[in-house]
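Single-letter residue listing:
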Amino acid sequence: MRKNIKSSLMILLAVVLIFSQLSVLSYAGNNNGKGNNPKDYKYDNDHDYDYEHDYDYNKNYNYDENCPYPIDDETKAELRERLNLMVSFGEGNWLGLPSGMEKKGYLPFGLAKRYANGDFPYGLAKKIRDFNCWDDDSSQTLDALKNLIVTAQTKLSVENTKVYLPNSKEKLQVALVAAQNFVTNYSASQVNTIKAEYDKLKAAIQLFDNSEIVSGDYITSLKVILTDLTIYKANYYDKLLPAKKTELDNLIAVISSYTVSNSTLVLTLGTYNSLVTQAEVFKDHLDKLKSLITEAETLLYVDPSATVKVFKNIEGTSPGNYLSGSNLALQTAIKVAKDFIAAYKNEGVTVIENNYYALNMAISTFNKNIILGEDDLATLTMVQVELKAYYDTYYVAVSNPLTTLKTLIDEMQTYIDKTNLLTQAKLNIFLDASKVYIKDLYDAIKAELQIQIDIANNALLDTTHTYGDTERALLLNKVTLADAYLKGTSHKYETLKGYITDLKALIDAFKATAVIVTP
């Protein structure tokens, strides 16, 4: 199902790009799926992908301690245009489309809710991660705060005819004014407080959105959920732990209190979303396993419904191939899951979940068995360069031989020179193993840069000597740039190293012009 979602999404985005000549807007995806048509409610039966590691890498790799998975400028520009159009998943439409295309229904409720929670289709998720890494945290820029202010103003405009709890608009107005005052009086010295102001306004907007009073289709949706929970209780109640039984009973009671014909309770969007989230815990796990089987077969076969099934992916040794045995391993896992369902006799929920996660793991293993190409080998090479820098810096023959690190560097070399085939799984292992060393390396070099900045500042403040104007200007400019870079949120090893080298040279040149001030 996730593949179909991704394909549909890309097609829609392509249409948007063709018609769009719009100004760049900031991407804002976390609004909890509010305002969508709840008649489209459905449980999400997709399994959880391992987004932590399944990323693409780029041949123009340059290690960044905060963003190890870069993306090239061309892809980034295309992604920026796409993401800038996706500014309101929660309203069920895509704001930023040309006039006349902002109709409801571009995103069904379940899909919008998942997007609002950050659960994007696989391909888009990894691109968003990469994109966000290489743009410093968007919430730390003044432009992002200004865009959020516009969002708040729109929500408070007369065009917004939704009904909210008493005082909701007044509370958002207070937060909006505070953010506007911050922007009006902003100075460069406040750069480190932008994120805090952004987060405060964002939280106020979220609180405002959650205070929307809803009824009609939302009540209908809750009734559907209540029916599903009742069926779930009939099938699984005696297999639940006491705490889960209590949780289910309480949830059914709360939802019933909103759906009874004579209910006087006021349902807000925040409460509705909370109830939907709580209900997801009590999905029919057997149906969830069936959906996962369907997804696994779609991944494995050209036509899962064919009598004679043909593997979709090629096993071999070339980039894009899968390791030998990958197809049969996933096929075996699918058969085990199918056999379990066929022989199912009211086993406990834990047994069902174990079968689900076993197949989920088989899918994840299959995906990571893909053989990577030159771009990823370049990535590995650059990581190895960083590790060698660490080794050269901290190696001591007896007291600190760094045997484990040396083994890691040598093993990487067997993949770089193609003695061994580099898979996604192996690359993930290498990157994870490298993190601790590279973090220490960055901590040390940042500390060294701070020392050089302090030395430069002390020299510039010296009043016992006079110095050359040109040398002073050059040193002052470099120390200002270095200090700003060091205080930033994203660093590169070679850039830090370059600042250290430059500062040392400029400090020496500056001191060489010193002339003692005579009384």
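Residues numbered from 1 in each chain as written. Predicted model: local features only at pLDDT ≥ 70, side-chain atom pairs only at ≥ 80, totals over all residues. Heavy atoms only, no water.

### Description of the overall build of the protein
Working step 1: Scanning the protein from terminus to terminus reveals 18 helices and 2 strands.
Working step 2: By residue count, 43% of the 519 residues in the protein fall in the buried class.
Working step 3: At a minimum sequence separation of 6, the contacts of the protein that also span at least 24 residues come to 78%.
Working step 4: Within the structure as shown, the protein displays about 26,200 Å² of accessible surface, and the carbon and sulfur contribution to it stands at 56%. (Helix = DSSP H or I, 4+ residues; strand = E, 2+ residues; numbered from the N terminus. Buried < 20%, exposed > 50% of the residue type's maximum accessible area, 1.4 Å probe, protein only. Contact = heavy atoms within 4.5 Å. Areas by Shrake-Rupley, 256 points an atom, 1.4 Å probe, with all protein chains shown as cover.)

### What about the packing of helix 12 (residues 326–342) against helix 13 (residues 349–368)?
Working step 1: Helix 13 packs onto helix 12 with a crossing angle of 165° between their chain directions and a minimal axis gap of 9 Å. The orientation of helix 12 with respect to helix 13, classified from their angle, is roughly antiparallel. The element helix 12 and its partner helix 13 pack so that their crossing is left-handed. The segment helix 12 lies against helix 13, with Ser326, Asn327, Leu330, Ala333, Ile334, Ala337 and Phe340 engaging Val351, Ile352, Asn355, Leu359, Ala362, Ile363 and Phe366.
Working step 2: A class-by-class count of the residues in the contact of helix 12 with helix 13 yields 11 nonpolar, 3 polar and no charged. (Axes fitted to C-alpha atoms, helices over the stretch in contact; angles between N-to-C directions. Parallel < 35°, antiparallel > 145°, perpendicular 65-115°, else oblique. Left-handed = near helix turned anticlockwise from the far one by under 90°. Nonpolar A, V, L, I, M, F, W, Y, C, P; charged D, E, K, R; others polar.)

### A short note on the confidence of the model for the protein
Working step 1: On average, residues of the protein score 77 in pLDDT, and 73% of them are at 70 or above.
Working step 2: Put simply, helix 1 (residues 2–19) is where the protein has its lowest mean pLDDT, 43, and helix 9 (residues 242–259) is where it has its highest, 95.
Working step 3: Counting contacts from residues 120–128, a segment whose pLDDT is below 50, to residues more than four positions away or on other chains yields 33 contacts. (pLDDT = per-residue confidence, 0-100.)

### Things to note about the nonpolar core
Working step 1: Grouped together as the largest cluster of nonpolar side chains are 44 residues, with contacts concentrated most on Leu222, Leu229, Ile255, Leu267, Leu330 and Leu359.
Working step 2: Mapped onto this core, the elements with two or more residues apiece are helix 8 (217–236), helix 9, helix 10 (269–280), helix 11 (285–300), helix 12 and helix 13.
Working step 3: For this core, the leading source of residues is helix 8, giving 8 residues.
Working step 4: What Leu330 contacts, discounting residues up to four positions off in sequence, is Ala296, Leu299, Leu300, Leu359, Ala362, Ile363 and Phe366. (Core = buried A, V, L, I, M, F, W, Y, C linked by side-chain atoms within 4.5 Å.)

### Focus on the side chain of Thr259
Working step 1: The residue Thr259 is located in helix 9 in this model.
Working step 2: What makes Thr259 buried here is its relative accessible area of 11%.
Working step 3: Setting aside chain neighbours within four positions, we find Thr259 in contact with Ile219, Leu222, Lys223 and Leu226.

### Digging into the packing of aromatic side chains
Working step 1: The final tally for this structure, using the stated rule, is 16 aromatic pairs.
Working step 2: Taken together, a centroid distance of 4.8 Å and an interplanar angle of 35° make the contact between Tyr232 and Tyr236 tilted. Of this pair, Tyr232 and Tyr236 both sit in helix 8, 4 residues apart, roughly one helical turn. Each member of the pair Tyr232 and Tyr236 is classed as buried. (Phe/Tyr/Trp six-rings, centres within 6.5 Å; stacked < 30°, edge-to-face > 60°.)

### As for unusual backbone geometry
Working step 1: Backbone geometry places Asn167, a non-glycine residue, at a positive phi of 70°.
Working step 2: Among the structural elements, Asn167 can be located in the loop between helix 5 (142–155) and helix 6 (168–184).
Working step 3: Here Asn167 falls in the partly exposed class, since its relative accessible area comes to 49%.
Working step 4: Residues other than glycine seldom take positive phi values, yet Lys418 does so here, at roughly 70°.

### Some words on the pattern of salt bridges
Working step 1: Going through the model one piece at a time under the given rule, you end up with 16 salt bridges.
Working step 2: Note that Asp249 and Lys233 form a salt bridge whose closest N and O atoms lie 2.9 Å from each other. Of the two residues, Asp249 is situated in helix 9 and Lys233 in helix 8; the sequence distance between them amounts to 16 residues.
Working step 3: Residue classification places Asp249 among the partly exposed positions, given a relative accessible area of 26%. (Salt bridge = Lys/Arg side-chain N within 4 Å of Asp/Glu carboxyl O.)

### Considering helix 5
Working step 1: With 14 residues, helix 5 ought to run about 20 Å at 1.5 Å a step, and its terminal C-alpha atoms sit 20 Å apart, in line with that.
Working step 2: Inspection of helix 5 places Leu142, Ala144, Leu145, Leu148, Ile149, Ala152 and Lys155 among the buried residues, and these make up the whole buried set. When helix 5 is viewed along its axis, its buried side chains cluster within an angular range of 155° and face the same direction. (Expected span 1.5 Å × (residues − 1). Arc of directions from axis to C-beta.)

### What to know about helix 17 (residues 469–487)
Working step 1: Helix length check: helix 17 (19 residues) gives 27 Å between terminal C-alpha atoms against 27 Å at 1.5 Å per residue, within 8%.
Working step 2: When helix 17 is considered as a whole, its buried residues turn out to be Leu475, Lys478, Val479, Ala482, Tyr485 and Leu486. All buried residues of helix 17 project into a common sector of 130° when viewed along the axis, lining one side. Away from the buried face of helix 17 by more than 90 degrees, exposed residues Asp469, Thr470, Ala484 and Lys487 are located.
Working step 3: As for helix 17, its buried residues are in contact with helix 16 (424–460) and helix 18 (493–511).

### Observations regarding a nonpolar patch on the surface
Working step 1: Among the surface-exposed residues, Val163, Leu165, Ile213 and Val266 lie close enough to one another that they form a single nonpolar patch of about 300 Å² accessible area.
Working step 2: Position of Leu165 relative to the elements: it lies in the loop between helix 5 and helix 6. (Patch = residues over 30% accessible without salt bridge, like charges linked within 9 Å, V, L, I, M, F, W, Y side chains within 5 Å.)

### Observations concerning the side chain of Ser326
Working step 1: Position of Ser326 relative to the elements: it lies in helix 12.
Working step 2: In contact with Ser326, not counting residues within four places along its chain, are Glu315, Phe366 and Asn369.

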